[in-house]
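# Inside the fold
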Amino acid sequence: HKVLTWAKSNGYTFANKGREGSAGTEGAAPTDEGKKEPVTTISWRDCIVWCNAYTEKEKGIEYCVYRKSKIDSTVLKDATAKEGEDFICDKAYADMDKKGFRLPTEAEWEYAARWQGNDRANADKYGDVWLTKLNSASGAKADWNDAMETGAVAWYIGNAGGTTHQVGKRRANALGLHDMSGNVLEWCFDWYKNDPALNDHVQDGIVTDPQGAASGSSRVKRGGCWFSNANLCAVGYRYDSSPFIRDYYLGFRLAWCP
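### Observations regarding the side chain of Asn52
Among the structural elements, Asn52 can be located in helix α2 (residues 44-58). Side-chain polar atoms of Asn52 contact the backbone oxygen of Leu76, separated by 2.9 Å. In this view, Asn52 contacts Tyr12, Cys64, Val65, Tyr66, Val75 and Leu76; residues no more than four positions away in its chain are not counted.

And the structure:
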């Protein structure tokens with residue numbers, strides 16, 4: 001909300017102002033009850049603009065990641081702007097050489113959700129690294145059928161009581177990250193394409209960092225949410241939505257390169 005307020009006074013425009021968790025008031029100032037819950041009701045376009053606003057506020061506009069195109073370095077500041085029939089943000093170029101805040105790529109999100117280092121519990125080996133099995137929630141020691149393990153790491157339909165929850169209250173995964181499964185779905189930067197070849201993270205037994213589809217009509221969401229069944233919180237499950245979609249089960253997670 002602090003970034004939102006700053007951004008509106010510094011040339012930024014949002015389609016949706018966001019709210020605290022699943023039951024907050026959109027655009028309202030933080031409350032004691034909801035300020036530690038994940039933000040929801042923001043679109044992919046809003047995330048792009050918010051990341052640039054946060055970057056400019058904290059680091060300076062030269063560090064902003066999201067630009068109009070590879071050859072036009074204009075910083076994206078308006079989630080509602082169009083050229084003809086196309087929304088400008090939908091074609092955002094991510095300048096990964098910039099050190100600003102951004103959405104994770106799908107590959108980054110999945111690696112962060114699955115990494116276990118040398119811990120072999122409920123994991124598959126890729127080169128020298130063990131990653132959580134695809135049929136399990138992030139950080140779980142058993143697959144999604146084990147309600148105790150899924151509930152230990154994720155707020156989902158079996159334990160959430162029909163609402164979002166304060167972040168960080170479920171057990172963290174091996175990287176110390178909470179809520180990678182459950183609570184709210186999280187936007188990733190990539191275009192969605194249902195092509196296994198594009199999403200294969202292993203070549204010759206070694207984990208790679210694949211790029212998403214070059215174009216598409218929807219963007220990737222990962223992680224499951226507070227009303228997802230346990231199997232939909234598994235780290236291998238993929239969702240997609242149009243970049244204008246917003247809802248009370250959908251939020252985002254920041255990434256940046258130090």
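### Focus: the pairing of strand β9 (residues 185-191)
The buried fraction of β9 is high, at 7 of 7 residues. Of the pairings in the sheet, the one linking β9 to strand β14 (residues 250-252) comprises 3 bridges and is parallel in character. In the sheet register, Glu186 faces β14, and the bridge partner there is Gly251. As judged from the 3 bridges shared by β9 and strand β12 (residues 219-222), these two strands associate in the antiparallel manner. Its bridge partner being in β12, Trp191 is matched across the sheet by Arg219.

### Side note on the environment of Arg114
Relative to the helices and strands, Arg114 is located in helix α3 (residues 106-114). Considering only alpha carbons, one finds Arg114 and Asn173, 59 residues apart in sequence, at a separation of 8.0 Å. The residues touching Arg114, leaving out its near neighbours within four places in the chain, are Tyr126, Trp130, Leu131, Thr132, Lys133, Leu134 and Val235. A polar side-chain atom of Arg114 sits 3.0 Å from a polar atom in the side chain of Tyr126. Here Thr132 takes part through its backbone oxygen, which lies 2.7 Å from a polar atom of the side chain of Arg114.

### Observations concerning the pattern of salt bridges
Considering all chains together, one arrives at 15 salt bridges under this definition. Of the charged contacts, one joins Glu149 and Arg171 as a salt bridge, the two residues approaching to 2.7 Å between their closest N and O atoms. Residue Glu149 is located in helix α4 (residues 147-153), and its partner Arg171 is located in the loop between α4 and β9; the two are separated by 22 residues in the primary sequence. Arg253 is the salt-bridge partner of Glu186, the closest N and O atoms lying 2.9 Å from each other. Highlighted residues: Glu186 in strand β9 and Arg253 in the segment after β14, separated in sequence by 67 residues. In this structure, a network of salt bridges that share partners links the residues Glu106, Glu110, Arg114, Arg222 and Arg238.

### Overview of the nonpolar core
Tyr12, Ile48, Tyr66, Leu103 and Phe189 are the most contacted members of the largest nonpolar core, which has 37 residues in total. Among the elements that take part in this core, α2 stands out by supplying 7 residues, more than any other. Apart from the residues lying within four places of it in its own chain, the contact partners of Leu103 are Trp44, Cys47, Ile48, Cys51, Tyr66, Trp187, Cys188, Phe189, Phe252, Arg253 and Ala255. Grouped together as the second largest cluster of nonpolar side chains are 8 residues, Met180, Cys188, Tyr192 and Val220 included.

What counts, and at which threshold
Residues numbered from 1 in each chain as written. Predicted model: local features only at pLDDT ≥ 70, side-chain atom pairs only at ≥ 80, totals over all residues. Heavy atoms only, no water. Helix = DSSP H or I, 4+ residues; strand = E, 2+ residues; numbered from the N terminus. Polar contact = N/O pair within 3.5 Å; in protein donor to acceptor, adjacent residues only side chain to side chain. Contact = heavy atoms within 4.5 Å. Buried < 20%, exposed > 50% of the residue type's maximum accessible area, 1.4 Å probe, protein only. Pairing = 2+ DSSP bridges. Salt bridge = Lys/Arg side-chain N within 4 Å of Asp/Glu carboxyl O. Core = buried A, V, L, I, M, F, W, Y, C linked by side-chain atoms within 4.5 Å.

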